[in-house]
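Architecture and fold: a report
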Amino acid sequence: MKLGHVIESQQFDRTDLEQLFECARQMEIVVSRGGSNLLAGKIMISYFHEESTRTRFSFEAAMRRLGGGVISSENALQFSSAAKGESLRDSIQVIGGYGDIIVLRHGSEGAAESAAQVSSVPLINAGDGPGQHPTQALLDIYTIEKEFGKIDGLTIAMIGDLADGRTVHSLAYLLTKFRNIKIIFVSPPAMRMKDKIKTYLDKCGVPWEENADLNEVARIADVLYQTRIQTERRQRKLADRLEKAAVKYTIDAKTLKLMSPRARIMHPFPRKKEISRDVDSDPRAAYFRQAHNGLYLRMALLKAILAPNAKIE
Ligand code: CP
């Protein structure tokens, strides 16, 4: 597989995903052996205009585990010339000359696509405001496959802030690549899934429904994919109101009692109070495993872009 820019989930097909996941499985072995020099001499630029723990650290760890170098701006709005008013497109045209790949997180939907248009090197969308977060969806699907041994035929419930949560947007798009999937959206009315995504699911023949009753959904879903309210994208008062409205969707010990023993709880993190801590020790809580899978999946992605024909030693 040869990949260029990674901007949205829809760009992947099933063959891409199978190859990527096979490579990610091999990367788990590479890491257990202490890493590799597959990407020696290559430089990844991580250019983050918004905060991140998992995405930036796992991309940077992935590059270093494969022997490559990293240049990083973890707070580009303060410490890059974006603070002086430089446009994103000018910055991208310049920094593309310093490295082999750019990983961009930005606060505006569409920023990654716009940046990719002027980038001389492959660019990865590491989250563009309330738009998409395609590499999160890739690691989510990789996690589901590891946990269940399959993806086809599963019922996935997405819970919480479905309006502004970019991870659920990318996940919904990516699930259209699989067969006999059913999606259930669970959210307060003000945070419903976007119409354009529901229309896309209809076009792809993926059945979906909205259900406000988390207890009912917990009994039937294979995956409860919980998300936090994106308070940073809303005015304080509205954000507080929405967080209160979402309290009834908290996953806790009572939810665990309703779930099948084979079901799983996932969350892209960061978590606030939407999954109570007493759930963490239940084997169905897959969210820490999910976050760790990000390393292997992102190693596979970097290899697919920067060294597609290299043999993994
Ligand atoms: N899941 C995710 O994008 O986490 P970070 O914001 O910590 O990168």
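Higher on the page you've got the structure.
Just so we're clear, the structure is a prediction, and the values are computed from it rather than from any experiment.

All right, on to the overall build of the protein then. In terms of regular secondary structure, the protein is built from 12 helices and 9 strands. At 19 Å, the protein has a C-alpha radius of gyration in line with the 20 Å of a compact globule built from 313 residues. Along the first, second and third principal axes, the C-alpha atoms of the protein reach 55 × 45 × 40 Å. The 313 residues of the protein split such that 57% are buried. Of the roughly 13,600 Å² that the protein leaves accessible, carbon and sulfur atoms contribute 48%.

To continue, consider the sheet that holds strand β5 (residues 155–159). An order of β7-β6-β5-β8-β9 is seen for the 5 strands of this open sheet, with the pairing classed as parallel. Each end of this open sheet is capped by a strand with a single partner; those strands are β7 (208–210) and β9 (264–266). Strand after strand, the sheet turns through a mean of 20 degrees between neighbouring axes, direction not considered. Note: strand β6 (residues 182–186) against β7, 3 bridges, orientation parallel. Looking across to β7, one finds that F185 is bridged to E210. Against the sheet, helix α8 (residues 195–204) engages β6 and β7, with an angle of about 145 degrees to β7.

In this section: the site of the ligand. The local shell around the ligand consists of S52, T53, R54, T55, R105, H133, Q136, P268 and F269. A distance of 2.6 Å separates an oxygen atom of the ligand from a polar side-chain atom of S52. Across the complex, the protein chains shield 92% of the 250 Å² of accessible surface that the ligand would expose by itself.

Moving on, we come to the sheet that holds strand β1 (residues 43–48). Through backbone hydrogen bonds, the strands of a sheet pair up, either in parallel or in antiparallel fashion. Read from one edge of the open sheet, 4 strands run β2-β1-β3-β4, paired in parallel fashion. Only two strands of the sheet have a single neighbouring strand rather than two, namely β2 (69–73) and β4 (123–128). Across the sheet, the mean angle separating the axes of adjacent strands is 15 degrees when strand polarity is ignored. Where strand β3 (residues 101–106) meets β4, 4 bridges bridge the pair, whose relative direction is parallel. The residue bridging L104 from the neighbouring strand is N125, located in β4. Packed on one face of the sheet, helix α2 (residues 54–65) meets β1, β2, β3 and β4 and runs near 175 degrees to β1. Its contacts with the sheet put helix α5 (residues 111–118) on β3 and β4, and the angle it makes with β4 is roughly 160 degrees.

Note: β1 against β2, 5 bridges, orientation parallel. Each residue of the ladder has a partner; that of I45, found in β2, is I71. What joins β1 to β2 is α2, and the crossover it makes is right-handed.

Take the side chain of D282 next. Within the fold, D282 resides in the loop between β9 and α12 (287–306). Take D282: its relative accessible area is 16%, and that puts it in the buried class.

Let's shift gears to the packing of helix α6 (residues 134–148) against helix α7 (residues 166–175). At their nearest, the axes of α6 and α7 sit 8 Å apart, and the two run at 60 degrees to each other. One way to sum up the angle between α6 and α7 is to call them oblique. Regarding α6 and α7, the two cross each other, and that crossing is right-handed. Touching P134, Q136, A137, L138, D140 and I141 of α6 are T167, S170, L171, L174 and L175, all from α7. The residue inventory of the contact of α6 with α7, partitioned by class, reads 7 nonpolar, 3 polar and 1 charged.

Right, let's talk about the packing of α2 against α12 for a bit. Between α2 and α12, the shortest axis-to-axis distance is 8 Å and the interhelical angle comes to 55 degrees. Between α2 and α12, the angle falls in the class oblique. The interaxial crossing formed by α2 with α12 has right-handed handedness. Residue-level contacts link R54, T55, S58, F59, A61, A62, M63 and R65 of α2 to A291, G294, L295, R298, M299, L301, L302 and L306 of α12. A per-class count over the contact of α2 with α12 returns 10 nonpolar, 3 polar and 3 charged.

Looking along a regular strand, one sees the side chains alternate between the two faces of the sheet. Taking burial as the measure, the 6 residues of β1 include 5 buried ones, the bulk of the element. The pairing of β1 with β3 spans 5 bridges and is parallel. Bridge assignment links S46 to a residue of β3, and that residue is V103.

Before going further, it helps to examine α2. With 12 residues, α2 extends 16 Å from end C-alpha to end C-alpha; this agrees with the ideal 16 Å at 1.5 Å per step. Along α2, the residues classified as buried are T55, R56, S58, F59, E60, A62 and M63. For α2, the secondary structure elements touched by its buried residues are β1, β2, β3, β4, α6 and α12. Looking one or two residues past α2, G67 carries a phi angle of roughly 85 degrees, positive in sign.

Conventions adopted
Residues numbered from 1 in each chain as written. Predicted model: local features only at pLDDT ≥ 70, side-chain atom pairs only at ≥ 80, totals over all residues. Heavy atoms only, no water. Helix = DSSP H or I, 4+ residues; strand = E, 2+ residues; numbered from the N terminus. Rg over C-alpha atoms; globule rule 2.2 N^0.38 Å. Buried < 20%, exposed > 50% of the residue type's maximum accessible area, 1.4 Å probe, protein only. Areas by Shrake-Rupley, 256 points an atom, 1.4 Å probe, with all protein chains shown as cover. Pairing = 2+ DSSP bridges. Axes fitted to C-alpha atoms, helices over the stretch in contact; angles between N-to-C directions. Contact = heavy atoms within 4.5 Å. Near = heavy atom within 4 Å. Polar contact = N/O pair within 3.5 Å; in protein donor to acceptor, adjacent residues only side chain to side chain. Right-handed = clockwise from strand over helix to strand, strands pointing away. Parallel < 35°, antiparallel > 145°, perpendicular 65-115°, else oblique. Left-handed = near helix turned anticlockwise from the far one by under 90°. Nonpolar A, V, L, I, M, F, W, Y, C, P; charged D, E, K, R; others polar. Expected span 1.5 Å × (residues − 1).

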